[in-house]
Amino acid sequence: MKMNKHDKVWFDGRLIDLGDACVSPLAYGLHYGWGVYEGLRAYDTKKGRAVFRLRDHMVRFLDSARFMQLDVQYSLDELCDAVKEVCRANGSQADYIRPLAYYGENGELGLGAVNVPTHVLIMTIHMGAYIRGGAPGASLITSSWERPSNLATSLTAKVCGNYVSSIIAKREAMRQGADEALMLNHNGSVAEASAENVFMVRHGQLITPGLSEGILEGITRDTVIELARELGYEVVERSITRGEIVIADEVFMTGTAVELHPVRSIDGIPIGKDVPGPITAELRELYGKVVRGEVEDHLDWVDPIDQKPARRRKK
Ligand SMILES: Cc1ncc(COP(=O)(O)O)c(C=O)c1O
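The notes below deal with the structure included here.

What counts, and where the lines are drawn
Residues numbered from 1 in each chain as written. Predicted model: local features only at pLDDT ≥ 70, side-chain atom pairs only at ≥ 80, totals over all residues. Heavy atoms only, no water. Near = heavy atom within 4 Å. Polar contact = N/O pair within 3.5 Å; in protein donor to acceptor, adjacent residues only side chain to side chain. Areas by Shrake-Rupley, 256 points an atom, 1.4 Å probe, with all protein chains shown as cover. Nonpolar A, V, L, I, M, F, W, Y, C, P; charged D, E, K, R; others polar. Patch = residues over 30% accessible without salt bridge, like charges linked within 9 Å, V, L, I, M, F, W, Y side chains within 5 Å. Salt bridge = Lys/Arg side-chain N within 4 Å of Asp/Glu carboxyl O. Helix = DSSP H or I, 4+ residues; strand = E, 2+ residues; numbered from the N terminus. Phe/Tyr/Trp six-rings, centres within 6.5 Å; stacked < 30°, edge-to-face > 60°. Buried < 20%, exposed > 50% of the residue type's maximum accessible area, 1.4 Å probe, protein only.

## Things to note about the site of the ligand
For step 1, the next point in the chain: With respect to spatial proximity, 16 residues lie near the ligand, and among them Lys-158, Tyr-163, Glu-192, Thr-220 and Thr-256 are the closest.
For step 2, the next point in the chain: Here an oxygen atom of the ligand sits 2.7 Å away from a polar atom, N or O, in the main chain of Ile-219.
For step 3, the next point in the chain: Alone, the ligand offers 390 Å² of accessible surface; in the complex the protein occludes 96% of this.
For step 4, the next point in the chain: Looking at the shell around the ligand residue by residue, the classes come out as 4 nonpolar, 7 polar and 5 charged.

Below, the structure written as structure tokens:
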């Protein structure tokens, strides 16, 4: 379901109709991808509608803004409250939340612009399943485009402009009839998919690329690592070769949008015996319960939209 012009957006501190939210044609955010964003999901829980790991996402949002030297005028608490306010205004169809901070305009277009106002927008859409088509798992191609390295940009920050590379890879996958693109880094090792982290299972061990491999430090990745360890699995962060991942017993992707999604093939090569494999299925089921507030030990990750934000969980 698409957004309509009467859906509410939070724009620089005010809740207004989407149709009234105006962005200047001179905005640096528009020209150069000079902005940062987040993606969060809301779920129905026993305590009503709730946002998953709200505070962690908004901490990452402010960290991303700090990297791009955007001057976000709102505190973490204010931003968390604003997310909840938009969710309340847009109702239960709003399952995906998109905060965006972008560099505005100063009447010029030079890359050296300073002291330009930063605008903050928070909107929601109805996303449903991110990968559609009903197949039991996603088909991936290995993109011919390299994931930018940590020397090209910060991959820890969700910088809008970074996503040009993801879009090129995703469209390459779509042209080949695949669901997603697996991106390799400058060393030829597996980095991540266009907007998802990647895990493989080999010999009972869960393996995922570490941060130096050129990946976003995904919040779902962190969630799944913690849940897998609680279930007693060994989780290792290390580089993964292309040759290794195609013979893995199981491969899955993680991300707020995709949640935990099995991979059925890479470059036409089937992965594992069953899709989803047993460990993927177990983790996916548990993840589904955790985000819906059905797991007592992880209720602090679930932030009801009618309550004040939960404090960050101590590790
Ligand atoms: C490049 C990239 N990798 C991984 C992820 C998954 O991150 P998260 O689990 O925090 O949504 C995303 C999601 O936005 C992403 O854009």
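## Observations concerning a nonpolar patch on the surface
For step 1, the next point in the chain: A grouping of Leu-26, Tyr-32, Leu-109 and Leu-111 is seen on the molecular surface, where their side chains present a nonpolar patch of about 350 Å² in accessible area.
For step 2, the next point in the chain: Residue placement: Leu-26 occurs in the loop between β2 (14-17) and α1 (28-32).

## Focus: the pattern of salt bridges
For step 1, the next point in the chain: Evaluated as defined, the whole model comprises 17 salt bridges.
For step 2, the next point in the chain: For the salt bridge of Glu-38 with Arg-60, the shortest nitrogen-to-oxygen distance reads 2.6 Å. With a gap of 22 residues between them, Glu-38 in the loop between β3 (35-37) and β4 (40-45) and Arg-60 in helix α2 (residues 54-67) connect regions that are remote in the sequence.
For step 3, the next point in the chain: The salt bridge partner of Lys-289 is Glu-285, with a shortest N-O separation of 3.4 Å. Linking Lys-289 with Glu-285, this pair stays in helix α7 (residues 278-291), spanning 4 residues, or about one helical turn.
For step 4, the next point in the chain: The structure contains a network of salt bridges with shared partners spanning Arg-53, Asp-56 and Asp-222.

## Notes on the packing of aromatic side chains
For step 1, the next point in the chain: Enumeration over the complete set of coordinates arrives at 9 aromatic pairs.
For step 2, the next point in the chain: Between the aromatic rings of Tyr-28 and Trp-34, the centroid separation amounts to 5.3 Å while the plane-to-plane angle is 70°, which identifies the pairing as edge-to-face.
For step 3, the next point in the chain: Given the relative accessible area of 13%, Trp-34 is considered buried.
For step 4, the next point in the chain: Taken together through their ring pairs, the aromatic side chains of Tyr-28, Tyr-32, Trp-34 and Tyr-103 make up a single cluster.

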